[in-house]
Amino acid sequence: MVVLGIETSCDETSAAVLKNGNLLSSVVSSQYFHSKYGGVVPELASRAHQKIIVQVVGEAINLAGISKGDINAIAVTYGPGLIGSLLVGVSFAKAMAYALKIPIIGVNHIEGHIFSVFLSNESPEPPFISLVISGGHTMLVLVENLLNFKLLGQTRDDAAGEAFDKVAKLLGLGYPGGPIIDKLSREGDPNFVKFPKPIPSKRTSGYEFSFSGLKTAVLYYLKRINFQNLSEDEKKKFIPNICASFQKAVVDGLVEQTFKAAMDFNIKSISVVGGVAANSELRKRMAEKANELGFKLYIPDLTFCTDNAGMIAYAGYVKLKNGIKSDLEISPIPNLKIG
Ligand code: KG4
Ligand code: ZN
């Protein structure tokens, strides 16, 4: 069974070909030009998807060594995401499915991230707990089986990746901030400033997150040391320490809430997915904790942490095997929920 995956929910145009659950090709075209605006500009993102989607899909098909006629179904992200960006992928997938007379399968982007763990060599058997941490989402999900997802708790405000991006902006670093903070933190002292963990003081579900207090604490700290008026040399001394201290608070909170959920539900397998799962300190600390407590941990290879169509193709493949298809009336749902 050959599935073509298409992903255009934010600022990555991606296509991938999956045959019987094995990835034959994956092409990702990233819109780096957004960095000069300090974040993704929706209108520019959709136009850039439109310009390149034909090329990206063509390349994925060529690299896989197949022809269009070999494709059995098209899986496409239909939400959540930016409406203009989603529209490009969904419209393209609809037209192609219609022309080739093959089924289309709408995939939830967050479920796609959860399936990204199946693209690596070792993957978990359900039930497992999945920590989904990206630029738009931060949530703990109980994957009961490959078709049933139970949301245990999510962020009340910013997503983890958003917090990395906003703190990087406060420090005058580039966009996206996550990889930059990750790198600078390696030179810094994580105990330089004690920032609050991203866990709300008044919890409702018990598995929630809140990043706004942490972001504000960084802002107040920068005001206190008069960061804006420091010389470039002085800033350089502070930045790695602030990055490492901020990153420690994030990692502490993510690790604590994830293992709490796993222990409460007595689930022995944990996965960490989404762009922030690329964070080196988080990968290390999660592995240490899993080792210490006897849990099995699964984190995708770095290329499958950030947005890619391989994960969308895999989610589509699982749906198709279970007889789930969409119809050509499918339209994007920017605020699509999980489950
Ligand atoms: O999953 P993703 O590619 O897109 C969304 O669905 O949002 O995640 C992008 C986010 C960005 O906020 C970026 O700063 C963050 O993932 N990110 C990281 C790292 N690499 C990417 N955050 C922390 N450490 C990293 N190494
Ligand atoms: Zn994503």
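Definitions and limits used
- Residues numbered from 1 in each chain as written.
- Chains lettered and ligands numbered in written order.
- Predicted model: local features only at pLDDT ≥ 70, side-chain atom pairs only at ≥ 80, totals over all residues.
- Heavy atoms only, no water.
- Buried < 20%, exposed > 50% of the residue type's maximum accessible area, 1.4 Å probe, protein only.
- Helix = DSSP H or I, 4+ residues; strand = E, 2+ residues; numbered from the N terminus.
- Pairing = 2+ DSSP bridges.
- Core = buried A, V, L, I, M, F, W, Y, C linked by side-chain atoms within 4.5 Å.
- Contact = heavy atoms within 4.5 Å.
- Axes fitted to C-alpha atoms, helices over the stretch in contact; angles between N-to-C directions.

Asker: When you look at the pairing of strand β5 (residues 104-108) in this model, what are you seeing that I'm missing?
Answerer: Put simply, side chains in a regular strand alternate between the two faces of the sheet. Most of β5 is tucked away, with five of its five residues classed as buried. Of the two faces of β5, the one lined by I104, G106 and N108 and the one lined by I105 and V107 are each fully buried. Bridge count between strand β4 (residues 73-79) and β5: five bridges; the pairing is parallel. Opposite I74, over in β5, you have I104 as the bridge partner.

Asker: Please explain the nonpolar core as it appears in this structure.
Answerer: Side chains that are nonpolar tend, in soluble globular proteins, to be buried together. By size, the foremost hydrophobic cluster in this structure holds 48 residues, and its most contacted members are I129, F195, F246 and V272. Looking at this core, the elements that each hand over two or more residues are β6 (128-133), β7 (138-145), α4 (160-170), α6 (212-224), α7 (232-264), β9 (269-273) and α8 (280-293). Here this core gets 12 residues from one element, more than from any other, and that element is α7. Other than its neighbours up to four places away in sequence, F246 contacts A163, F164, V167, I181, F195, L214 and V218. Counting residues in each nonpolar core, the second largest holds 30 residues, with I105, I110, A313 and I338 among its members.

Asker: When you look at the sheet that holds strand β2 (residues 12-19) in this model, what are you seeing that I'm missing?
Answerer: Backbone hydrogen bonds hold the strands of a sheet together, and the pairing may be parallel or antiparallel. Strand order in the open sheet made by the five strands is β3-β2-β1-β4-β5, with mixed pairing throughout. The sheet is open, and its two edges are formed by β3 (22-30) and β5, each paired on a single side. Neighbour-to-neighbour, the strand axes of the sheet open up by a mean angle of 20°, direction not taken into account. Bridging between β2 and β3 involves eight bridges; their strand directions are antiparallel. If you follow E12 over to β3, its bridge partner there is S30. The sheet strands contacting helix α2 (residues 83-100) are β1 (2-7), β4 and β5, and the helix crosses β4 at an angle near 155°.

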